Amino acid sequence: MDLLEYQVKEWFGKIGIPVLPSQRIDHPTDLKRLKIRYPIVLKSQVQAGEREKAGGVRIVETTIDAIAAAQNIFNLPIWGQLPEVLLAESKYDAQEEFYLAVVLDTALCRPVLLGCTEANIEWETAGEKIQHVVVEQEFSPFYARRLALKMGLQGALMQSVSDIVEKLYQLFVQKDLDLVEIHPLGVNAVGQVMALNGKVRVNERAINRHPEIADMAAKMIVRRLGDKRRTSLFSTVDTLEMRGKIGILGNGKGSVLTTLDAIINAHGKPGKCVNLRHLFMGDTVPTNFCDRLISSLTNLADDQSSQVILVNFLGTIPQVEQLPEIITKFLQSDRSKITPQMQVSNGNESQHQFELPHLVLRLAGSEFNSVREYLATLKTSNQSLIVLENLDEAVKEAVRLAKLSVVKKANS
């Protein structure tokens, strides 16, 4: 469950992370009673990215301009979402902008501290720029200072950033979070730091342990009942059910949604979409990435609507060395273990042979070089396996195979 920015800022302020003077705006007329000085920044409170590009962030200098801007923002949908609340915040002149985060690494089953001296990060190359420190034992200020040093910070700025990282970790543990980030952390001309924007993702299995969060979750669910946008749905769960023939597995929300959009643009019909990066809601014990890959491949193969499984792995995955073995075993799997009962027709067992869906693997990144070479040599008698590096080519093949399967079914 992701919080809105104004909720995140409230949590930041309570735990001691510096935030700007701000005020929640429920209606444009609330700006007549504004308690902070102009100029201010008005921000649309939606769980969608690129608010500024869409016009959901405005800088205003008078009450009249603020009311007019607020009226426009309240009626501006961003990725299909209309805000119920705006955030009015003091303007801040940042000379530098950093990125800080604490995230739960489900492969390591440990918290990881992240930091970068650039705020506008291209996520495809993020691994080269973002510094990380794994919290391997009980947390101490040592971990926060180590991250600041790896970021190349010194003196008072290193101490300020270390203090904020410590508080981020405290919030991470206290609220049972999967992710807490400051994006960006602004630094002004005199070295003062300020959390200009933030993101919090609560572990959904822990919601009921926190009455305050449970109340927030209940209100969010009510608001989202009528919102069918795929991005809104996918922001709260890591599995998205659709009715098409092409199942999607990806190593991150961005990877999955990019694949989904590419299939639609290629006139294909996406089916079940799964983000393997996080634990699934149905998991009763901790799982790693490979566990979730095996489970998802098996579930999609058992779903008769899945004609093709398109796997899109970009950059890196945990336990990459196990991928060839997992794919090989899946292609050679005993269908009786996946399909517990044969179809029965007129009292007799059906003679129809259940077939695995076609498997298309898009593996992009140098880490997958040896994996691609190995998988390209696999020969299977009952399964078409396609291994590619380019996403457009992989999507094209998946759409072609899905249509081919429909034609074969119609002619059978």
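Below is a summary of the structure that appears in this document.

As a further point, take helix 11 (residues 323–331). Extensive coverage of helix 11 is indicated by the burial of seven of its nine residues. Those residues of helix 11 not exposed but buried are Leu 323, Pro 324, Ile 326, Ile 327, Thr 328, Phe 330 and Leu 331. In this fold, the buried residues of helix 11 make contact with helix 10 (289–302), strand 14 (308–314), strand 17 (358–364), helix 13 (369–376) and strand 18 (385–388).

Two side chains of opposite charge can pair, provided their charged atoms sit close to one another. Taken as a whole, this structure holds 15 salt bridges when the rule is applied. In this structure, Glu 212 and Lys 175 form a salt bridge, with 3.2 Å as the shortest nitrogen-oxygen distance. Here Glu 212, found in helix 7 (residues 211–224), pairs with Lys 175, found in the loop between helix 6 (155–174) and strand 8 (177–187); they are 37 residues apart in sequence, far enough to count as distant. Judged by relative accessible area, which is 17%, Lys 175 ranks as buried. Across the salt bridge formed by Glu 389 and Arg 372, the nearest N and O atoms sit 3.7 Å from each other. In this pair, Glu 389 sits in the loop between strand 18 and helix 14 (391–411) while Arg 372 sits in helix 13, placing the two residues 17 residues apart along the sequence. According to the relative accessible area criterion, Arg 372 is buried, its value standing at 12%. One network of salt bridges, in which partners are shared, links Glu 5, Lys 9, Lys 43, Arg 51 and Glu 89.

With that settled, consider the sheet that holds strand 18. With mixed pairing, six strands are arranged side by side in an open sheet as 11-13-12-14-17-18. In this open sheet, the two strands that pair with only one neighbour each are strand 11 (239–240) and strand 18. For strand 11 and strand 13 (residues 270–275), the ladder comprises two bridges, and the chain directions are antiparallel. Residue pairing for strand 13: Thr 239 is matched across the bridge by Val 274. On the sheet, helix 11 packs against strand 14, strand 17 and strand 18 and is oriented at approximately 170 degrees with respect to strand 17.

As a further point, take the nonpolar core. With 43 residues, the main nonpolar core has Trp 11, Phe 12, Leu 113, Leu 168, Val 180 and Val 202 as its most contacted residues. Looking at this core, the elements with two or more residues in it are helix 1 (5–15), strand 5 (96–105), helix 5 (141–150), helix 6, strand 8, strand 9 (193–195), strand 10 (198–202) and helix 7. Per-element accounting of this core gives the leading share, nine residues, to helix 6. Setting aside its immediate chain neighbours within four residues, Leu 113 contacts Ala 101, Val 102, Gln 131, His 132, Val 133, Val 135, Phe 139, Tyr 143, Ala 144, Leu 147, Val 165 and Tyr 169. Residues Leu 249, Leu 300, Leu 331 and Phe 368 belong to the second largest nonpolar core, which totals 27 residues.

So, on to the sheet that holds strand 2 (residues 40–44). What the four strands build is an open sheet, ordered 1-4-2-3; its pairing is antiparallel. Two strands lie at the open edges of the sheet, namely strand 1 (22–25) and strand 3 (57–60), each paired on one side alone. Put simply, the sheet's adjacent strands are angled 20 degrees from each other on average, direction ignored. Pairing of strand 2 with strand 4 (residues 86–90), which is carried by five bridges, proceeds in the antiparallel orientation. Looking across to strand 4, one finds that Val 41 is bridged to Glu 89. Contacting strand 1, strand 2 and strand 4, helix 1 runs over the sheet at an angle of about 50 degrees to strand 4.

As a further point, take the pairing of strand 10. Along strand 10, four of the five residues are buried, which leaves the element largely enclosed by surrounding structure. Bridge count for strand 8 against strand 10 is five bridges, and the pairing is antiparallel. Directly across from Ile 182, in strand 10, lies its bridge partner Gly 198.

Relative to the elements of secondary structure, Ala 66 occurs in helix 3 (residues 63–74). Apart from the residues lying within four places of it in its own chain, the contact partners of Ala 66 are Leu 31, Tyr 38, Ile 40, Leu 42 and Val 60.

The rules behind the values
Residues numbered from 1 in each chain as written. Predicted model: local features only at pLDDT ≥ 70, side-chain atom pairs only at ≥ 80, totals over all residues. Heavy atoms only, no water. Buried < 20%, exposed > 50% of the residue type's maximum accessible area, 1.4 Å probe, protein only. Helix = DSSP H or I, 4+ residues; strand = E, 2+ residues; numbered from the N terminus. Contact = heavy atoms within 4.5 Å. Salt bridge = Lys/Arg side-chain N within 4 Å of Asp/Glu carboxyl O. Pairing = 2+ DSSP bridges. Axes fitted to C-alpha atoms, helices over the stretch in contact; angles between N-to-C directions. Core = buried A, V, L, I, M, F, W, Y, C linked by side-chain atoms within 4.5 Å.

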